[in-house]
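Commentary on secondary and tertiary structure
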Number of protein chains: 2
Amino acid sequence: MMDPKAFRALSYGVYVVSTWDNGRPTGCTANCAAQVTAQPAVMMIGINRDNYTNRCIADCGHFAVSVLAEDTDPAVIGSFGFRSGKNTDKFADIPYDIRNALPIVKDSCAYIVCRVTQAIDTATHTLFLGEVIGAEMTNERRPMTYAYYHEVVKGRTAKNAPTYIAEVDG
Amino acid sequence: MMDPKAFRALSYGVYVVSTWDNGRPTGCTANCAAQVTAQPAVMMIGINRDNYTNRCIADCGHFAVSVLAEDTDPAVIGSFGFRSGKNTDKFADIPYDIRNALPIVKDSCAYIVCRVTQAIDTATHTLFLGEVIGAEMTNERRPMTYAYYHEVVKGRTAKNAPTYIAEVDG
């Protein structure tokens, strides 16, 4: 049995992964972000190689994960999720702070900043492992889950997401 | 700022990762499991090297991820989460099916079976990447999130989990 709908039973959050593109902030949405070790604290993110953010993270050597909240303005997902940062200033209308020298989406509930320690290539995505150099829960809002995003925010799945299922969504 | 509570804003599911130990089924709970590519379908799991299941996956070359549901009997988590499979038959009181030649926890809502294609060592955990060879949504129960587990099932975090925070939980 090989039913790709089973992948929908996996739980994720909704994140903006951000970095610098030669002094300009850029980023993309991601759902594949996880803490992989506690001591030392190491995060993993999976970013499609077709995403402009991928090469910017490789060049910068650092990335930040902003954790979106259930009530984060859907415009944040719209800004980061469905267009390329190559020709677009995705942060143009999105307020941000600088934390540990990285741009963080203000309209979020937590952030984690990492220094890339390893990049693992898979067929389509790069898995970046990063040592955590900064982290903060900025408020008490509830983190948005990917299920909440689909059920309540009624979001679409971006074509470059690892969870994109051509048979179902395309 | 380095506040480990920020890691709690990341969203995960609750899974049993299972495999064979010389013909005997064994496994452990996990929260770090994600689909990392869609074409081909590849999963990633993070398993502490101190977990007996880790060496069993390496030996067997295959693993299964059973997705626990919100109403999965907490005894499943108790059986797989807080003791070692080395000296214990964790499946003794847990009904299971065989799917794609791997043991699957019956009291779950979906399963994904993988053939290990890559094992990446980190400080404490092995990240196993696996090509998906079988997957099925077995019923319509709601997948349990890690937040639901903590808020409703009132679970503890196992010491070998990547999300274990000594300062908070220990």
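The present account deals with the structure reproduced in this document.

Conventions and cut-offs
Residue positions are given per chain, counted from 1 along the sequence in the order it is written. Note on labels: chains are lettered from A, ligands numbered from 1, in written order. Per-residue local features of the predicted model are confined to residues with pLDDT of at least 70, and side-chain atom pairs are confined, for both listing and counting, to 80 or more; whole-chain, interface and lining totals are unaffected and use all residues. Hydrogen atoms and water are omitted, and side-chain values are computed over all heavy atoms in the structure. Here a strand is any run of E in DSSP of at least two residues, a helix any run of H or I of at least four, and the numbering for each starts at the N terminus. When we talk radius of gyration, it's over C-alpha atoms, and the globule rule is simply 2.2 Å times the number of residues to the 0.38. Throughout this description, buried means an accessible area under 20% of the type-specific maximum (1.4 Å probe, protein chains only), exposed means over 50%, and partly exposed covers the range between. Contact criterion: two residues are considered in contact whenever any of their non-hydrogen atoms come within 4.5 Å of each other. Once two parts are put together, the accessible area they lose, assessed with a 1.4 Å probe and summed over both, is termed the buried area. Should a side-chain nitrogen of Lys or Arg be within 4 Å of a carboxyl oxygen of Asp or Glu, the pair is scored as a salt bridge. Polar contact is defined as a pair of N or O atoms within 3.5 Å, subject to the rule that within protein one atom must be able to donate a hydrogen and the other to accept it, and that residues adjacent in sequence are counted only when both atoms are side-chain atoms. Each residue gets one of three labels, nonpolar for Ala, Val, Leu, Ile, Met, Phe, Trp, Tyr, Cys and Pro, charged for Asp, Glu, Lys and Arg, and polar for the others, Gly among them. Whether two aromatic rings pair depends on their centres lying within 6.5 Å, for rings of Phe, Tyr and Trp, where Trp uses its six-membered ring; planes under 30 degrees apart make the pair stacked, over 60 edge-to-face, and the rest tilted. Any two strands are treated as partners once DSSP identifies two or more bridges connecting them. Least squares is the method for superposing the copies, and the C-alpha atoms it fits come from residues with pLDDT of at least 70 in both.

**Description of the overall build of chain A**
Broken down by element type, chain A carries four helices and nine strands. From first element to last, N terminus to C terminus, chain A shows the α and β order β-β-β-β-α-β-α-β-β-β-β-α-α. Scaling as 2.2 N^0.38, a compact globule of 170 residues should have a C-alpha radius of gyration of about 15 Å, and chain A matches this with 15 Å. With the principal axes as the frame, chain A shows a C-alpha extent of 45 × 35 × 35 Å. In chain A, which comprises 170 residues, the proportion classed as buried is 56%. For chain A, restricting intrachain contacts to residue pairs at least 6 apart in sequence, the fraction spanning at least 24 positions comes to 64%.

**Details of the interface of chain A and chain B**
Taken together, the contacts link 52 residues of chain A with 51 residues of chain B. Of the roughly 4,200 Å² buried between chain A and chain B on both sides combined, carbon and sulfur atoms contribute 65%. One can count two salt bridges joining chain A with chain B. Close ionic contact of E151(B) with R142(A) constitutes a salt bridge, the shortest N to O distance being 3.8 Å. At the boundary of chain A with chain B, the tally comes to 10 residue pairs in polar contact (both at pLDDT 80 or more). Every element with two or more residues in the side of chain A that touches chain B is listed here: β3 (33–37), β4 (42–48), β8 (110–121) and β9 (125–137) of chain A. If one sorts the elements of the side of chain A that touches chain B by residue count, β9(A) sits on top with nine residues. A class-by-class count of the residues in the side of chain A that touches chain B yields 32 nonpolar, 13 polar and seven charged.

**Quick notes on the packing of aromatic side chains**
All names here are of chain A. For the coordinates displayed, the defined rule picks out eight aromatic pairs over all chains. Taken together, a centroid distance of 5.9 Å and an interplanar angle of 85° make the contact between Y12 and Y146 edge-to-face. Here the residue Y12 occupies a position in the segment before β1 (15–21), and Y146 occupies one in helix α3 (residues 146–153), the gap between them amounting to 134 residues. Here a set of aromatic residues connected by ring pairs shows up, and it is made of Y12, Y146 and Y149.

**A look at the pattern of salt bridges**
One pass over the structure, following the stated rule, counts 18 salt bridges over all chains. The salt bridge involving R49(B) is made with D121(B); its shortest N-O contact spans 3.0 Å. Of the two residues, R49(B) is situated in the loop between β4 (42–48) and α1 (52–60) and D121(B) in strand β8 (residues 110–121); the sequence distance between them amounts to 72 residues. Residues participating in the shared-partner salt-bridge network are E70(A), R142(A) and E151(B).

**Concerning the pairing of β9(A)**
Residue and element names in this part refer to chain A. With 10 of 13 residues buried, β9 is to be regarded as a mostly interior element. The pairing of β4 with β9 spans seven bridges and is antiparallel. For M44, the partnering residue across the bridge sits in β9 and is L129. Here 11 bridges tie β8 to β9, and the two strands are oriented antiparallel to one another. Pairing of Q118 across the sheet is with L129, part of β9. Taking the residues between adjacent antiparallel strands as the criterion, β8 and β9 are bridged by three residues.

**A look at the environment of R99(A)**
Residue and element names in this part refer to chain A. Here R99 is to be found in strand β6 (residues 96–99). Remark: the alpha-carbon pair of R99 and E136, spanning 37 residues in sequence, is separated by 9.5 Å. Ignoring anything within four residues of it in the chain, the contact list for R99 reads I104, Y111, V113 and E136.

**What about the relation of the copies chain A and chain B?**
Expressed as a screw operation, the relation of chain A to chain B combines 0.0 Å of axial shift with a rotation of 180°, fitting to an RMSD of 0.0 Å. Look at the turn and shift together and you get a two-fold axis relating the two. Among all residues of chain A, the minimum C-alpha distance to the rotation axis is found for Y12(A), at 2.7 Å. A high fraction, 98%, of the interface residues of chain A reappear at the interface in chain B, so the copies pair face to face through one surface.

These values are about where atoms sit, not about what they do.
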